[in-house]
Amino acid sequence: MEIILKQDVPHLGHKDDVVVVKNGYATNYLIPQGFAIMATPSAKKVHAENLRQRAHKEAKLRADAEALAAKMEGMQVTVATKVSSTGKIFGSVNNIQVAEALAAKGFETDRRNITIVGEEKLQEVGVYEAVVKCYKDIKANIKVEVVAE
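Fair warning: this is a prediction, and the values are worked out from it, not measured in the lab.

Reading the values: the criteria
- Residues numbered from 1 in each chain as written.
- Predicted model: local features only at pLDDT ≥ 70, side-chain atom pairs only at ≥ 80, totals over all residues.
- Heavy atoms only, no water.
- Helix = DSSP H or I, 4+ residues; strand = E, 2+ residues; numbered from the N terminus.
- 1 Å grid on protein atoms, 1.4 Å probe; cavity = no way out; pocket = protein on both sides within 12 Å on 5 of 7 lines; lining within 4 Å.
- Points joined across faces, edges and corners; volume = space filled by probe spheres on them.
- Pairing = 2+ DSSP bridges.
- Axes fitted to C-alpha atoms, helices over the stretch in contact; angles between N-to-C directions.
- Contact = heavy atoms within 4.5 Å.

Trainee: Looking at this model, I keep getting lost on the environment of E73. Mind explaining?
Mentor: With respect to the secondary-structure elements, E73 resides in the loop between α2 (41-72) and β4 (76-81). The spatial distance from the C-alpha of E73 to the C-alpha of I142 is 6.0 Å, given a sequence separation of 69 residues.

What follows is the structure, encoded as structure tokens:
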């Protein structure tokens, strides 16, 4: 029996794959559990149209993310914070402050998409590397400069 998977099934296939399985496996397990639907001619047409539309949207999102990453690549943001006389920061600078500094420069990014390379929190004055995830596999490297207020 030919079926269309609605989600990933281990040892069988990934979401939106059209696979052939035994009748009992499909009718007794995959379809009742909501893992798959029967691959009738009308279901195949709908499935093909959905894949085509999704690919078009995916291409647009990817192009926008690549343009954003190109603008952000190599950029330096400055985060000002209170510092002791020895150069230690009172508290720390984390990805929330980096996201706010990027927003001030006009780049709205979610703080969860920012990773400071090598460290989780910055606790001393200096220049650090950070990676901003723009899309699934598209990333931009930026520099974060921590300075005294």
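Trainee: What's the story with the layout of surface pockets in this structure? I'm lost.
Mentor: With a probe scaled to a water molecule rolled over the atoms, the places where space remains empty come into view. Its boundaries defined by the atoms lining it, the largest pocket holds a volume of some 150 Å³. Considering the residues around the largest pocket, the lining is formed by I4, L5, K6, K15, D16, I37, A43, V46, H47, N50 and R54. Broken down by secondary-structure element, the contributors of at least two residues to the lining of the largest pocket are β1 (2-5) and α2. Among the elements that make up the lining of the largest pocket, the one with the highest residue count is α2 (5 residues).

Trainee: Sorry if this is basic, but what is going on with the sheet that holds strand β6 (residues 114-116) here?
Mentor: Two strands in a sheet stick together by hydrogen bonds in their backbones, pointing the same way (parallel) or opposite ways (antiparallel). Judged by pairing direction, the sheet is mixed, and its 4 strands sit side by side in the order β4-β9-β8-β6 without closing on themselves. Both edges of this open sheet fall to β4 and β6, since each of them pairs with a single strand only. Averaged over all adjacent pairs, the angle separating strand axes in this sheet is 35 degrees, with direction ignored. Sheet topology note: the β4/strand β9 (residues 139-148) ladder contains 6 bridges and is parallel. Counted as the bridge partner of T81 is A148 from β9. With respect to the sheet, α2 is in contact with β8 (126-133) and β9, its orientation differing from that of β9 by roughly 35 degrees.

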